[in-house]
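So the chains spell out like this:
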Amino acid sequence: MDANRTTKYLDDWVRVPLCDKGDKLYHYTAAEGVQGIIENRQFIATKSDFLNDKLEFLYSLEILEKVIDTYIVNKELGKRLYKTIKAEMDELAIITPSCQTVCVPDHENKSFYVISFSKLDNSALLWAEFTDFRGYCLGFDYEKLVQGFTGRSFLHGTVIYNEEVQISCLLDALIACVHRGVNDGFVDLDTIFEENAEIGDEALMEIGGDMAMVCSVYAMFFKSEFFKGEEEYRFVFSPLRTDRGGQPRFRILNQIFLPYIMVELDGFASPIPLTSVTVGAKNNSDIAVRGMRSFLMGQGLDNIPVTLSDIPLRY
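From a predicted model like this one, the values you see are computed outputs, not experimental measurements. (Residues numbered from 1 in each chain as written. Predicted model: local features only at pLDDT ≥ 70, side-chain atom pairs only at ≥ 80, totals over all residues. Heavy atoms only, no water.)

A word on the nonpolar core. Membership of the largest hydrophobic core comes to 42 residues, with the highest contact counts inside it found for Leu81, Ile85, Ile192 and Ile207. Going through the elements one at a time, helix H2 (59–71), helix H3 (75–92), helix H8 (163–183) and helix H9 (201–219) are the ones with two or more residues in this core. Per-element accounting of this core gives the leading share, nine residues, to H9. Discounting residues that sit within four places of it in the chain, isoleucine 85 has contacts with Leu64, Ile68, Gly208, Met211, Ala212 and Cys215. Within the second largest apolar cluster, 36 residues are counted, among which are Leu25, Leu145, Ile272 and Met292. (Core = buried A, V, L, I, M, F, W, Y, C linked by side-chain atoms within 4.5 Å. Buried < 20%, exposed > 50% of the residue type's maximum accessible area, 1.4 Å probe, protein only. Helix = DSSP H or I, 4+ residues; strand = E, 2+ residues; numbered from the N terminus. Contact = heavy atoms within 4.5 Å.)

Compared with the 26 Å implied by 1.5 Å per residue over 18 residues, the 26 Å span of H3 between its first and last C-alpha is a close match. For H3, the full list of buried residues reads Leu77, Gly78, Leu81, Thr84, Ile85 and Met89. Relative to the axis of H3, the buried residues are bounded by an arc of 135° and lie together on one face. In this structure, H3 carries Glu76, Lys79, Lys83 and Glu91 as exposed residues pointing more than 90 degrees from its buried face. (Expected span 1.5 Å × (residues − 1). Arc of directions from axis to C-beta.)

To continue, consider the pattern of salt bridges. Side-chain pairing between opposite charges can occur once the charged atoms of the two side chains come close. Under the criterion given, the structure shown has 13 salt bridges. Residue arginine 234 is joined to glutamate 232 by a salt bridge in which the shortest nitrogen-to-oxygen separation is 3.0 Å. (Salt bridge = Lys/Arg side-chain N within 4 Å of Asp/Glu carboxyl O.)

One face of the sheet, then the other: side chains in a regular strand alternate in exactly this way. With five of six residues buried, strand S2 (residues 42–47) lies mostly within the body of the structure. Where S2 and strand S8 (residues 256–264) come together, five bridges link them in antiparallel fashion. Its bridge partner lying in S8, phenylalanine 43 is registered against valine 263. (Pairing = 2+ DSSP bridges.)

Moving on, we get to the packing of aromatic side chains. What describes a pair of aromatic rings is the distance from one ring centre to the other and the angle between the planes of the rings. Enumeration according to the criterion identifies 15 aromatic pairs in this entry. Judged by centre distance (5.2 Å) and plane angle (90°), the ring pair of tyrosine 28 and tryptophan 127 falls under edge-to-face. Here tyrosine 28, found in strand S1 (residues 24–29), pairs with tryptophan 127, found in helix H6 (residues 124–131); they are 99 residues apart in sequence, far enough to count as distant. Residue tyrosine 28 shares its accessibility class with tryptophan 127, and that shared class is buried. Cluster of aromatic residues (ring-pair linked, three or more members): Phe43, Phe117, Phe140, Tyr142, Phe149, Phe154, Tyr233, Phe235 and Phe237. Taking the ring centre of phenylalanine 227 as reference, the NZ or CZ of lysine 223 above it sits at 4.6 Å. (Phe/Tyr/Trp six-rings, centres within 6.5 Å; stacked < 30°, edge-to-face > 60°. Lys NZ or Arg CZ within 6 Å of the ring centre and 35° of its normal.)

Turning our attention to H6. Within the sequence span of H6, burial applies to Leu126, Trp127 and Thr131. Buried positions in H6, seen along its axis, are confined to an arc of 105° and lie on one side of it. Looking at the packing, one finds that the buried side of H6 touches S1, strand S3 (113–118), strand S4 (136–141) and strand S9 (274–279). Phi turns positive, to about 50°, at aspartate 132, one or two residues after H6.

Structure below.
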């Protein structure tokens, strides 16, 4: 690894790491998914609160609570600050739909839809989780993939699993929000980390709005360490009615209706940024590999390497 390489982040306030030029991302999917991605240049983006961990978008609130409890020593102030930030986050409606047991029509447009990739090629964990070792792992050029999505609004970055890093991210954001508030004239915020802090409601609203936006973005990229083996890289889209994708559609999986939108890759004049295809280990017939090569050839992608996963199976 280049010792001089510096990490690129989502922006100055949100330290979600991005990939670098030349990196590859991998998408595990069934044969139908491969066909849709390659023939139609479209990915399925699943509604955030229907992902494999239905509570994951709430996880950032747990981290926020730990940051406030640890660093805001005036406990009454800490409760007020958390309540203010949470109320602002509910208004943004990025997390709220995940909290509901019923759909909230006014918030449906503000929900987020996710396409999951991984930095791992040929991962036994991901084969098992998404394809039962029978599907396919598609490799993509990271930079060209990002360029292909630029026709619509989205965020992307590496999922963060380490709790210490998550706490550090939110603490740095809180400090930045406080400094900004002080510079805007709310001088009482300068004492926010002290026991005798007396912060007015207007000052709390000042930093609460900024922190709500930061926490809502981090909510998309914080996950429990339990999932760290996935090494997920996430693309997050907002399905505005005026944006491409329109109204959410539904697919059925295990007798459950799952909301999703279709996200197109732009640039029909350029090839899809596919770099490799790995066939699941349970597709151990040479027909699976030959069939995939024939399919790719028919799409003008005969230069894409197709290999069979070499993960040993005991069953």
